[in-house]
Amino acid sequence: MSKAKFITFEGVDGAGKSTHLEWFANALRQRGIDLLVTREPGGTPLGEQLREILLNQSMHIETEAMLMFAARREHVEQVIRPALQRGTWVISDRFSDASFAYQGGGRGVSLTKLEQLEQWVHGDLQPDLTLLFDIPIEVARQRLSNNVSLDRFEQEKGEFFERVRQAYLARAAKSPQRISVIRAEKTMHEVQQELANIVSSL
Ligand code: TYD
């Protein structure tokens with residue numbers, strides 16, 4: 001039996017990643033793959049409490065970074081690693097690339113500090129595959145404008161998201177083997193076609 005895979009979905013708010021994640025997870029399940037879908041920040045009872053704080057309460061940028069990684073530590077130990085060990089695939093709606101993009105690119109937390117946290121929290125575990133849904137910020141903002149309530153991150157200005165987007169792309173350029181960039185402004189059907197090819201390749 002081949003090894004269970006750890007796959008993460010990333011992108012700026014409004015890129016459509018959550019919708020595509022659902023489609024992708026169903027496509028894998030239809031092929032008989034046992035999988036677990038989870039999210040960050042969150043994924044554990046403590047992680048979900050931290051999510052509530054992170055999305056609603058303002059704080060120092062480094063506190064934000066550390067809480068993201070604290071939630072991740074629980075998530076890795078309690079959910080991700082045990083699932084992979086028992087042969088269950090894991091798909092996570094965001095993981096550490098989001099911290100490099102949002103806290104690093106968006107907020108300006110030092111990349112060296114983020115790398116240290118990453119090393120500490122999951123030095124020996126990286127996603128096998130990351131799908132980065134990339135979209136021009138104006139399009140993402142337009143999509144978000146339909147939401148009734150926006151969280152602390154979604155309320156940020158366009159420049160913040162531009163920095164987040166660029167940080168994601170820089171990360172993808174550094175790890176092209178792991179991170180696949182998907183042009184998310186294409187139609188739903190076109191994106192699904194691309195995802196179907198990825199499912200087949202897995
Ligand atoms: P998101 O997946 O967008 O949740 P929803 O689709 O329900 O709005 O994630 C919530 C926010 O958390 C998102 O704006 C990005 C932010 N975030 C970070 O800033 N750093 C991180 O490390 C993670 C995992 C998320």
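Here, the structure is the one placed above.
Residues numbered from 1 in each chain as written. Predicted model: local features only at pLDDT ≥ 70, side-chain atom pairs only at ≥ 80, totals over all residues. Heavy atoms only, no water.

## So, the sheet that holds strand E2 (residues 35-39)
And then number 1: Taking strand neighbours across the sheet as the criterion, the five strands line up as E2-E3-E1-E4-E5 in an open arrangement whose pairing is parallel. Looking at which strands have only one partner, the edges of the open sheet turn out to be E2 and strand E5 (179-183). Neighbour to neighbour, the strand axes of the sheet diverge by 20° on average, direction disregarded.
And then number 2: Both strand E1 (residues 6-11) and strand E3 (residues 89-93) contribute to a ladder of four bridges, which runs parallel. Across the sheet, Thr-8 pairs through a bridge with Ser-92, a residue of E3. (Pairing = 2+ DSSP bridges. Helix = DSSP H or I, 4+ residues; strand = E, 2+ residues; numbered from the N terminus. Axes fitted to C-alpha atoms, helices over the stretch in contact; angles between N-to-C directions.)

## What about helix H3 (residues 61-85)?
And then number 1: The end-to-end C-alpha separation of H3 is 34 Å, in line with the 36 Å expected for 25 residues at 1.5 Å each.
And then number 2: The positive-phi residue at the C-terminal boundary of H3 is Gly-87, with phi of around 90°. (Expected span 1.5 Å × (residues − 1).)

## Structural notes on the pattern of salt bridges
And then number 1: In total, this model carries 19 salt bridges according to the counting rule given.
And then number 2: One salt bridge connects Lys-17 with Asp-93, and the closest N-O pair in it is separated by 2.4 Å. A residue pair is termed long-range when its members are at least 10 positions apart, and Lys-17 in helix H1 (residues 17-30) and Asp-93 in strand E3 qualify at 76 residues. Neither Lys-17 nor Asp-93 differs from the other in exposure class; each is buried.
And then number 3: Arg-81 serves as the salt-bridge partner of Asp-124, at 3.4 Å between the closest nitrogen and oxygen. You can see Asp-124 sitting in the loop between helix H5 (111-122) and strand E4 (129-134) and its partner Arg-81 sitting in helix H3, a full 43 residues away along the chain. (Salt bridge = Lys/Arg side-chain N within 4 Å of Asp/Glu carboxyl O. Buried < 20%, exposed > 50% of the residue type's maximum accessible area, 1.4 Å probe, protein only.)

## A closer look at the side chain of His-75
And then number 1: Following the sequence through the fold, His-75 ends up in helix H3.
And then number 2: By relative accessible area, His-75 is classed as buried at 0%.
And then number 3: Once residues lying within four places of it in the same chain are set aside, the contact partners of His-75 are Thr-38, Arg-39, Glu-40, Gly-42, Gly-43, Thr-44, Ile-80 and Ser-92. (Contact = heavy atoms within 4.5 Å.)

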